[in-house]
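Here are the chains, one letter per residue:
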Amino acid sequence: MKFHKEGYTSLALVVLFIFIINAIAHYYDAGSAVKWIIYIVSAFLLITIIQFFRSPNKTITIDEGVVLCPADGKVVVIEETEETEYLKDRRIQVSIFMSPVNVHVNRNPVSGIVSFFKYHPGKFLVAWHPKSSTDNERTTVVVKTQSGVEVLFRQIAGAMARRIVWYVKEGQEVKQGEEFGFIKFGSRVDLFLPLDTKINVNIGDKVTGGKSIIARF
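Residue indices begin from 1 for each chain and proceed along its sequence in written order. For a predicted model such as this one, the threshold for reporting local features is a pLDDT of at least 70, and the threshold for listing and counting side-chain atom pairs is 80 or more; totals across whole chains, interfaces and linings nevertheless cover every residue. For side-chain calculations, the full set of non-hydrogen atoms in the structure is used, while hydrogens and water are omitted.

### Some details on the overall build of the protein chain
So, step 1. Each helix corresponds to a stretch of at least 4 residues labelled H or I by DSSP, and each strand to a stretch of at least 2 residues labelled E; elements are numbered beginning at the N terminus. Helices and strands together make up the secondary structure of the protein chain, namely three helices and 16 strands.
So, step 2. Across the protein chain, contacts joining residues at least 24 apart in sequence account for 71% of those joining residues at least 6 apart.
So, step 3. Only the protein chains shown count as cover for residues, with accessible areas throughout obtained via the Shrake-Rupley method and a probe of 1.4 Å. About 11,000 Å² of surface is accessible on the protein chain, with carbon and sulfur atoms providing 60% of the total. Residues count as neighbours in contact if any of their non-hydrogen atoms are within 4.5 Å of one another.

What follows is the structure, encoded as structure tokens:
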């Protein structure tokens, strides 16, 4: 287990805030009850920021025949839909919702070449809202596998998520299971897969990024 690099600034701000409120409490000699409240709040803030930006060490088993889960969370959508931004055809959409308590590292579901990337500024609707996939702040990534299959996936900001981070660009070669981004606080990731893909999960399943198999080609 390690602390993710995206959390350094947030951790520094929390530590500074904790230092200031504790220093004020001691300077003005606050009562023992007030001090205990401050200690509890300080511990809660520190534990919260550490758990949110935790990044478990994982051993990824690469398998070109499967689609690995891109994020920790819960499967909330499995449906056939029209992908209108890039693929412009019918696809199976699988959506994974990440709550604030989940690991928020995003991982490549397949290996290949990034054939398309675009960042979209947008709204901050709750991540399970039907229009969050098209109206919210998001990124769209398309990876073309060695066999020629294109898999599209999106990072989507939620009501609490105010920053999406990505580490990929068009033309880049990526490996299955490696980090492609990070979303701060509650959010979701959508996958758009070919219609003949065999889905390996059900709605409501809890899944793990880089470990759970979402589908098989």
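### So, helix 2 (residues 32–52)
So, step 1. To estimate the expected span of a helix, count its residues, drop one, and scale the result by 1.5 Å. Relative to the 30 Å expected for 21 residues at 1.5 Å per residue, helix 2 spans 30 Å between its end C-alpha atoms, a close match to the ideal helical length.
So, step 2. By the burial criterion, the buried members of helix 2 are K35, I38, S42, I49 and F52. Buried residues of helix 2, viewed axially, fall in a sector of 140°; they line one side. Turned more than 90 degrees away from the buried face of helix 2, the exposed residues are S32, A33, W36, I37, I40, F44 and I47. Throughout, exposure labels follow a simple rule: accessible area from a 1.4 Å probe, protein chains only, divided by the maximum for the residue type, with under 20% read as buried, over 50% as exposed, and the rest as partly exposed. This arc corresponds to the set of directions leading from the helix axis out to the C-beta atoms.

### Quick look at unusual backbone geometry
So, step 1. Its identity is not glycine, yet K88 carries a phi of approximately 55°, on the positive side.
So, step 2. Along the polypeptide, K88 turns up in the loop between strand 4 (73–83) and strand 5 (89–98).
So, step 3. With a relative accessible area of 54%, K88 lands in the exposed category.

### Comments concerning the environment of T48
So, step 1. You can see T48 is positioned in helix 2.
So, step 2. The sequence separation of T48 and D72 amounts to 24 residues, and the corresponding C-alpha distance is 17 Å.

### Some points on empty space enclosed by the protein
So, step 1. Only protein atoms enter the 1 Å grid used here. Points where a 1.4 Å probe fits but cannot escape make up a cavity, open sets with protein on both sides within 12 Å along at least five of seven lines make up a pocket, and a residue lines them when an atom lies within 4 Å of a point. Grid points are joined across faces, edges and corners, and a volume is the space filled by probe spheres set on the points. Applying the stated rule across the entire model yields one cavity of 30 Å³ or more.
So, step 2. Considered as a void within the structure, the largest cavity measures approximately 30 Å³ in volume.
So, step 3. The nonpolar class holds Ala, Val, Leu, Ile, Met, Phe, Trp, Tyr, Cys and Pro. Asp, Glu, Lys and Arg form the charged class, and all remaining residues, Gly among them, are polar. Each residue belonging to the lining of the largest cavity can be placed in one class, and the counts come to three nonpolar, no polar and three charged.

### Examining the sheet that holds strand 9 (residues 150–157)
So, step 1. Two strands make a pair as long as DSSP finds a minimum of two bridges between them. Strand order in this open sheet of eight strands is 11-7-8-9-13-5-4-15, and the pairing throughout is antiparallel. Sheet topology places strand 11 (173–174) and strand 15 (206–207) at the edges, where each strand pairs with a single neighbour.

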